[in-house]
Amino acid sequence: MTTAAPEPAIAETVQTAATTPTTATAAPSEVELTIGGMTCASCAARVEKKLNRMDGVTATVNFATEKAKVSYPVGVQVADLIATVVKTGYTAEEPPPPRLETPERATDAVGADEDPELASLRERLVVSALLALPVVLMSMVPALQFDNWQWLSLTLAAPVVAWGALPFHRAAFTNARHGAATMDTLVSVGTLAAFGWSLWALFWGHAGMPGMRHGFDLTVSRTEGSSTIYLEVAAGVVAFILLGRYLEARSKRQAGAALRALMELGAKDVAVLRDGREVRIPVARMATGDRFVVRPGEKIATDGTVVEGSSAVDAAMLTGESVPVDVTVGSGVTGATVNAGGRLVVEATRVGADTQLARMARLVEDAQNGKAEVQRLADRISGIFVPVVLVIALGTFGVWLGVTGDTVAAFTAAVAVLIIACPCALGLATPTALMVGTGRGAQLGILIKGPEVLESTRRVDTVVLDKTGTVTTGRMTLREVYVVADTDEKELLRLAGALEHASEHPVARAIAAGAQERTGALPPVEHFENVPGLGVRGRVEGHDVQVGRLHEGELPEALARAKAEAQTEGRTAVVVTRDGVALGVVTVADAIKETSAEAVRALRGLGLTPVLLTGDNRAVARSVARAVGIDPGDVVAEVLPEEKVAVVKRLQSEGRTVAMVGDGVNDAAALATADLGLAMGTGTDAAIEASDLTLVRGDLRVAADAIRLSRKTLSAIKGNLVWAFGYNVAALPLAAAGLLNPMIAGAAMAFSSVFVVTNSLRLRTFS
């Protein structure tokens, strides 16, 4: 992966060693491996443990995404990492270089019906369920038990245990060869024990006698061992667990659907200009500098600059912004957005993995591969859980046998312990919620850099808002126009706009743009002159016009009052004269974004105290604060860029947990210092690099949405963990006490994982 040149809208936040300048001490390299063969959280914990034992290697293995993010030092090769995973009993491979999929190819690659693994699991489930259902019914309903029914049950159950449960047996055998035990070990041992007992009872006991009848209890019951069979347990548990695995796999795919949808946004092909002719080529063959045509309704193939035409561009699928943005020659456009108006010719500035869409997808994927601190605790528990359960199962068998002397009851309780104690729900609790939350965030234009960010959002109580570019647009805009009694406002603007159009000063550009917008075409200017300390002057339509300060004389009282009032409010006021006579006063100011006041209300609604931070003078700062609803006491003005960090630290020293929202280079240090940094995606690379959350569109309301989404995701994670821990804590004693039939235990275990994933999927409805 290579690092692209700076991108104004969004920046790559992960940089590999290949892009890091060579230093005396080489930085570690990073690689992402796709891990195969993992069936539960304890598998992921084993792989992670083995990788981390390698010298200088730091690895994080995510069970839900089936990926390992590995940092390794010089001297260690990727082949060494893969070999370590293989020795642990799993498969590993490097994923292909990142590329945006075309819609057709992506759909084929990720569609559930085309997924070989999911199709195989579905086939195994359907066959096993059809065979197991008659066995379970005959075992539970005595009225269905005809003479020799037990032999039909054996005939139906044997393929389920041998073929349906083959993935469990295979994984358990592989793990046993490497001296490990996982959830597959519990399932395999439990089902084989139940099936083995049944074979013994049928062939060497009394269960095979014609006329044998079999009751069913929800709890452990005392019966004569040689006439008891557990075929319904062996077949039913396999069917239930396969059902749980299938639903879990489908749910995990749905959890990652937002990321896949993001990757599918790109155009399939593009009309590139070659010697003045349009030539259709696949997007993958585009190169930087290519010029391509985008007709109305078409997707823009890649990031670029408009070189011909004007239109409106709909970026809703990328930023969540529903209002199309007008573009013209010189405007930047983003790949995967839709041309909603006229014909455009665009010159490609970024292609392939360097585009904003690819970077967004990479950022989301990196966040999904990370782990929150709570998940690390769950992984540690999962890693030791299975061996502990095996010991508990043996202990349960011994205690029951010693206390009751009933081998059947002891065996039944031990099998129930083995089957119900799957730690899968623990392993899925965090990653599934994180996958759905970050994916939904990407759809709304919110990029969460990592799971640790979620913890920060819960504690934040103060949000520091940089003024320029965050609360305001960062551009000077024409505001009020005050005229003397006998002067027409449009006439004043025509004269002032014509003169200022020839100047490059920000105030002049604001007046010229505002005048054009309000009056139309501007007249030409003759003898233009920039007068230091006074402003600009020239001849317009035969009159001497000056915009700036009056050289001599005084303003009429009404204009003087308007000018003073504007300056008190922090606006810049200039006087327009014609032939030496004052016609009026024009004011300009950095315009407040229309959504800023609503955003401040939303932040307050989340329990946050907004603080306005700016280098502007106090009058300007207080005027902006008053307009958006920030208390005057929470305004910090006239702050130098390097002092912004000190302001954040001071707030933290007061015991506050601080979030910072900014967009400029001068905000980067403060963003990094804050407990939670939120960068406007319309800002600079430095600000985006230093932040924890990136808001793709420059709308402050998204900051409140980002904090809400992060908190809801964290809430889902904690709810999942409470369920997963609570389930295992409650279920194990019940099983050991003989209060659960093994088949009921299997169903409960399977659906505990499904519950966790389903609970996470609720985040898809966040808005």
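Every value quoted in this text rests on a predicted model; they were computed, and no experiment measured them.

K.L.:
Go over helix 21 (residues 618–628) with me, naming the residues and quoting the values.
P.N.:
Along helix 21, the residues classified as buried are Val620, Ala621, Ser623, Val624, Ala625 and Val628. In this fold, the buried residues of helix 21 make contact with helix 16 (467–471), strand 16 (472–483), strand 21 (581–592), helix 20 (596–605), strand 22 (609–613) and strand 23 (635–636). In the stretch just after helix 21, Gly629 is the one whose phi turns positive, near 95°.

K.L.:
Report on the environment of Leu81, specifying residues and quantitative values.
P.N.:
Position of Leu81 relative to the elements: it lies in helix 2 (residues 78–87). Spatially, the C-alpha atom of Leu81 lies 9.5 Å from that of Glu93, the residues being twelve residues apart in sequence. Sequence-distant contacts of Leu81, that is, excluding residues within four places in its chain, are made with Val31, Leu33, Leu51, Met54, Val57, Val70, Tyr72 and Val76.

K.L.:
Could you give an account of the packing of aromatic side chains, naming the residues involved and the relevant values?
P.N.:
Inspection of the entire model under this criterion finds five aromatic pairs. The interplanar angle of 75° and the centroid separation of 5.3 Å between the aromatic rings of Trp151 and Phe203 together place this pair among those described as edge-to-face. Taken together, the residues span a long stretch of sequence, with Trp151 in helix 5 (residues 149–164) and Phe203 in helix 7 (residues 183–203) at a distance of 52 residues. An aromatic cluster is defined as three or more aromatic residues linked by ring pairs; in this entry it consists of Trp151, Phe203 and Trp204. For Arg124, the ring lying beneath its charged end belongs to Trp163, and the centroid distance is 4.7 Å.

K.L.:
Break down the nonpolar core for me, citing the residues and quoting the values.
P.N.:
The nonpolar side chains of a soluble globular protein tend to be buried, and buried together. Judged by nonpolar contacts, the single largest core of 62 residues is most densely connected at Leu51, Val70 and Leu81. Of the domains in this structure, domain 1 (29–93) and domain 2 (118–252 + 371–432 + 719–765) are the two that each give at least three residues to this core. Listed in part, the 49 residues of the second largest apolar core include Ile448, Val460, Val661 and Leu763.

K.L.:
I'd like a description of the UniProt feature "transmembrane region" (unreviewed entry) in the protein chain, backed by residues and values.
P.N.:
Mapped onto this structure's residue numbering, the UniProt feature "transmembrane region" (unreviewed entry) falls at residues 125–145, 151–173, 185–207, 227–247, 381–403, 409–430, 720–737 and 743–761. With 96% helix and 0% strand, the stretch residues 151–173 has end C-alpha atoms that lie 29 Å from each other. Across residues 720–737 one finds 94% helix and 0% strand; the C-alpha atoms that close the span lie 26 Å apart.

K.L.:
Which residues make up the sheet that holds strand 18 (residues 535–540), and what are the values?
P.N.:
One open sheet holds the six strands; their spatial order is 16-21-20-19-18-17, and the pairing between them is antiparallel. The two strands at the open ends of the sheet, each matched to only one other strand, are strand 16 and strand 17 (526–531). When strand polarity is set aside, the average angle formed by the axes of neighbouring strands in this sheet is 20°. Each of strand 16, strand 20 (572–578) and strand 21 is contacted by helix 18 (residues 506–519), which is oriented at about 65° to strand 16, the strand it contacts most.

K.L.:
Outline the packing of helix 7 against helix 13 (residues 407–420), supporting the account with residue identities and numerical values.
P.N.:
Closest axis-to-axis distance for the helix 7/helix 13 pair is 8 Å, and the angle between their directions is 155°. Classified by the angle their axes make, helix 7 and helix 13 are roughly antiparallel. For the crossing formed where helix 7 meets helix 13, the hand is left-handed. Residues Leu186, Val189, Gly190, Ala193, Ala194 and Trp197 of helix 7 form the contact with helix 13, whose own contacting residues are Thr407, Val408, Phe411, Val415, Leu418 and Ile419.

K.L.:
An account of the sheet that holds strand 12 (residues 338–339) is requested, with residue identities and associated values reported.
P.N.:
Spatial ordering of the open sheet is given by 10-9-12, a layout of three strands whose pairing is antiparallel. Each of the sheet's edge strands pairs with one partner strand only, and the pair in question is strand 10 (325–327) and strand 12. Two elements, strand 9 (residues 311–314) and strand 10, share three bridges in a ladder whose sense is antiparallel. Counted as the bridge partner of Ala312 is Asp326 from strand 10.

K.L.:
Could you give me a rundown of the pattern of salt bridges, with the residues and numbers involved?
P.N.:
Enumeration over the complete set of coordinates arrives at 26 salt bridges. Salt-bridge contacts for Arg343 lead to Glu308; the nearest nitrogen and oxygen are separated by 3.3 Å. Of this pair, Arg343 sits in the loop between strand 12 and strand 13 (344–350) while Glu308 is found in strand 8 (residues 303–308), placing the two residues 35 residues apart along the sequence. Counted as one network, the salt bridges with shared partners bring together Glu278, Arg295, Glu308 and Arg343.

K.L.:
Residue-level account of a nonpolar patch on the surface, with values.
P.N.:
Judged by side-chain polarity, Leu133, Leu137, Met140, Val141 and Leu144 come together as a nonpolar surface patch covering roughly 400 Å² of accessible area. As for its placement among the helices and strands, Leu137 is situated in helix 4 (residues 116–140).

K.L.:
Hey, could you go over the pairing of strand 7 (residues 291–294) for me, with residue numbers and the actual values?
P.N.:
Judged from the two bridges that link them, strand 5 (residues 269–274) and strand 7 form a sheet pairing that is antiparallel. Paired with Ala271 across the bridge in strand 7 is Val293. Of the strand pairs in this sheet, strand 7 and strand 13 are connected by four bridges, and their pairing is antiparallel. Counterpart to Val294 in the pairing with strand 13 is Leu344.

K.L.:
Mind laying out the environment of Arg604, listing which residues take part and the relevant values?
P.N.:
Summarising the element assignment, Arg604 is placed in helix 20. Taking the C-alpha atoms as reference points, Arg604 and Val463, 141 residues apart in sequence, are found 9.5 Å from one another. Not counting residues within four places of it along the chain, the set of residues in contact with Arg604 comprises Pro610, Gly629, Ile630 and Asp631.

K.L.:
Let's hear about the environment of Leu199: which residues, and what values?
P.N.:
Considering the arrangement of structural elements, one finds Leu199 in helix 7. Between the C-alpha atoms of Leu199 and Leu231, which are 32 residues apart in sequence, the distance is 8.9 Å. Setting aside chain neighbours within four positions, we find Leu199 in contact with Leu154 and Trp204.

K.L.:
Explain unusual backbone geometry residue by residue, including any values.
P.N.:
Most peptide bonds adopt trans geometry, and most residues besides glycine take a negative phi value. The residue Asn148 is not glycine, and still its phi comes out positive at about 65°. Assignment of secondary structure puts Asn148 in the loop between helix 4 and helix 5.

K.L.:
Residues and numbers for the side chain of Thr470, please.
P.N.:
As for its placement among the helices and strands, Thr470 is situated in helix 16. Relative accessible area serves as the criterion here: at 0%, Thr470 is assigned to the buried category. A distance of 3.5 Å separates a polar side-chain atom of Thr470 from the backbone oxygen of Asp466.

K.L.:
Run through helix 6 (residues 166–177), naming residues and quoting values.
P.N.:
With twelve residues, helix 6 extends 16 Å between its outermost C-alpha atoms, agreeing within 8% with the 16 Å of an ideal straight helix rising 1.5 Å per residue. For helix 6, the complete set of buried residues consists of Phe168, His169, Ala171, Ala172, Thr174 and Asn175. Phi turns positive one or two residues past the end of helix 6, at Gly179, with a value near 70°.

K.L.:
Could you give an account of the packing of helix 5 against helix 6, with specific residues and numbers?
P.N.:
Contact pair helix 5 / helix 6: the axes reach a minimum separation of 5 Å and the direction vectors enclose 45°. Taken together, the axes of helix 5 and helix 6 lie oblique to each other. Residues Val161, Ala162, Trp163 and Gly164 of helix 5 pack against Leu166, Pro167 and His169 of helix 6. In terms of residue class, the contact of helix 5 with helix 6 is built from five nonpolar, two polar and no charged.

K.L.:
Quick rundown of the confidence of the model for the protein chain? Include the residues and the values.
P.N.:
Considering every residue of the protein chain, the mean pLDDT works out to 80; 81% of them sit at 70 or more. Predicted confidence for residues 1–25 stays below pLDDT 50, and this span has 56 contacts to residues more than four positions away or in other chains. Note that pLDDT drops below 50 for residues 98–113; the model gives that stretch 27 contacts with residues more than four away or on any other chain.

Criteria and cut-off values
- Residues numbered from 1 in each chain as written.
- Predicted model: local features only at pLDDT ≥ 70, side-chain atom pairs only at ≥ 80, totals over all residues.
- Heavy atoms only, no water.
- Buried < 20%, exposed > 50% of the residue type's maximum accessible area, 1.4 Å probe, protein only.
- Helix = DSSP H or I, 4+ residues; strand = E, 2+ residues; numbered from the N terminus.
- Contact = heavy atoms within 4.5 Å.
- Phe/Tyr/Trp six-rings, centres within 6.5 Å; stacked < 30°, edge-to-face > 60°.
- Lys NZ or Arg CZ within 6 Å of the ring centre and 35° of its normal.
- Core = buried A, V, L, I, M, F, W, Y, C linked by side-chain atoms within 4.5 Å.
- Domains from an automatic or database assignment.
- UniProt positions renumbered as here; feature names shortened; annotations may be inferred.
- Pairing = 2+ DSSP bridges.
- Axes fitted to C-alpha atoms, helices over the stretch in contact; angles between N-to-C directions.
- Parallel < 35°, antiparallel > 145°, perpendicular 65-115°, else oblique.
- Left-handed = near helix turned anticlockwise from the far one by under 90°.
- Salt bridge = Lys/Arg side-chain N within 4 Å of Asp/Glu carboxyl O.
- Patch = residues over 30% accessible without salt bridge, like charges linked within 9 Å, V, L, I, M, F, W, Y side chains within 5 Å.
- Areas by Shrake-Rupley, 256 points an atom, 1.4 Å probe, with all protein chains shown as cover.
- Polar contact = N/O pair within 3.5 Å; in protein donor to acceptor, adjacent residues only side chain to side chain.
- Expected span 1.5 Å × (residues − 1).
- Nonpolar A, V, L, I, M, F, W, Y, C, P; charged D, E, K, R; others polar.
- pLDDT = per-residue confidence, 0-100.

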